[in-house]
Amino acid sequence: MRQRLNLILLGVSDIAKSTAFYEALGWPKAESSHAEFVKFDLGGIVMAIQSREAFAIDANFATAEGSGFSGMALAYIARSPEDVPRVLDKAASLGATIVKPATKNAWGIAGYFRDLDGHLFEVIYEDGWVFDGFDDLIV
């Protein structure tokens with residue numbers, strides 16, 4: 001197995017509502033998306049959403065129900081320290097729940113939000129995280 005991830009798949013309760021949330025964050029929907037499976041090109045990695053029920057069936061789970069801390073988060077690396085609270089505020093204005101506000105730490109500044117379906121996202125800025133051709137898609 002190559003040391004690479006190509007697709008992040010999230011199960012959601014309402015595909016249209018979640019699609020609107022991510023589009024409002026500034027992530028354009030891929031043209032190859034359809035009503036049951038929506039994709040967002042994140043610059044070499046795709047994040048896709050589909051219904052929790054369809055995801056559970058595909059993964060051979062008896063139920064799509066889940067709760068509590070998942071032990072997993074997606075992280076968005078901000079371009080500046082000031083972007084961290086700005087991105088958290090934008091997500092909150094779109095219905096996300098702020099789990100941890102922008103907080104200074106030993107390596108920079110970070111905060112967390114849960115999207116409309118409870119998926120945990122860290123918004124972080126650290127000196128040293130540099131990506132070639134990096135575009136800030138969240139506005």
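The structure this text deals with has already been given above.
The following paragraphs examine the structure supplied in this document. (Residues numbered from 1 in each chain as written. Predicted model: local features only at pLDDT ≥ 70, side-chain atom pairs only at ≥ 80, totals over all residues. Heavy atoms only, no water.)

Across the sheet, 4 strands lie side by side as β4-β7-β6-β5; this open sheet has mixed pairing. Each edge of the open sheet is held by one strand with a lone partner, namely β4 (74-77) and β5 (97-105). If you compare each strand with its neighbour and ignore which way they point, the axes differ by 15 degrees on average. Set on the sheet, helix α3 (residues 83-93) makes contact with β4, β5, β6 (108-114) and β7 (120-126); between it and β6 the angle comes to about 10 degrees. (Pairing = 2+ DSSP bridges. Helix = DSSP H or I, 4+ residues; strand = E, 2+ residues; numbered from the N terminus. Axes fitted to C-alpha atoms, helices over the stretch in contact; angles between N-to-C directions. Contact = heavy atoms within 4.5 Å.)

Buried together is how nonpolar side chains tend to be arranged in soluble globular proteins. Within the largest apolar cluster, 25 residues are counted, with the highest numbers of intra-cluster contacts made by L10, Y22, M47, F113 and F121. When residues of this core are traced back to their parent elements, those giving at least two are β1 (7-12), α1 (15-24), β2 (38-41), β3 (46-51), β4, α3, β6 and β7. With 4 residues, the top contributor of residues to this core is α3. Ignoring anything within four residues of it in the chain, the contact list for Y22 reads L10, W27, F40, M47, D115 and F121. (Core = buried A, V, L, I, M, F, W, Y, C linked by side-chain atoms within 4.5 Å. Buried < 20%, exposed > 50% of the residue type's maximum accessible area, 1.4 Å probe, protein only.)

With that settled, consider the pattern of salt bridges. Per the stated rule, a full pass over the model turns up 1 salt bridge. Among the salt bridges present, the one from D83 reaches R86, with a minimum N-O distance of 3.2 Å. Placement of the pair is D83 and R86 together in helix α3, with a separation of 3 residues, close to one helical turn. In this structure D83 comes out as buried when scored by relative accessible area, which is 12%. Residue class for R86 comes out partly exposed when judged on its relative accessible area of 31%. (Salt bridge = Lys/Arg side-chain N within 4 Å of Asp/Glu carboxyl O.)

Across the sheet, 3 strands lie side by side as β1-β3-β2; this open sheet has mixed pairing. Every interior strand has two partners, whereas the edge strands, β1 and β2, have only one. Ignoring strand direction, the axes of neighbouring strands in this sheet form an average angle of 20 degrees. The strands touched by α1 are β1, β2 and β3; relative to β3, the strand with the most contacts, the crossing angle is about 155 degrees.

With that settled, consider α1. Of the positions making up α1, those classed as buried are I15, S18, T19, F21 and Y22. One face of α1 carries all of its buried residues, which in axial projection span an arc of 160 degrees. For α1, the exposed residues set more than 90 degrees away from the buried face come down to A16 and K17. Where α1 is buried, its residues contact β1, β2, β3, α3, β6 and β7. Where α1 begins, the capping side chain belongs to D14, and its oxygen is found 3.1 Å from the backbone nitrogen of A16. A positive phi of about 105 degrees marks G26, the residue just after α1. (Arc of directions from axis to C-beta. Polar contact = N/O pair within 3.5 Å; in protein donor to acceptor, adjacent residues only side chain to side chain.)

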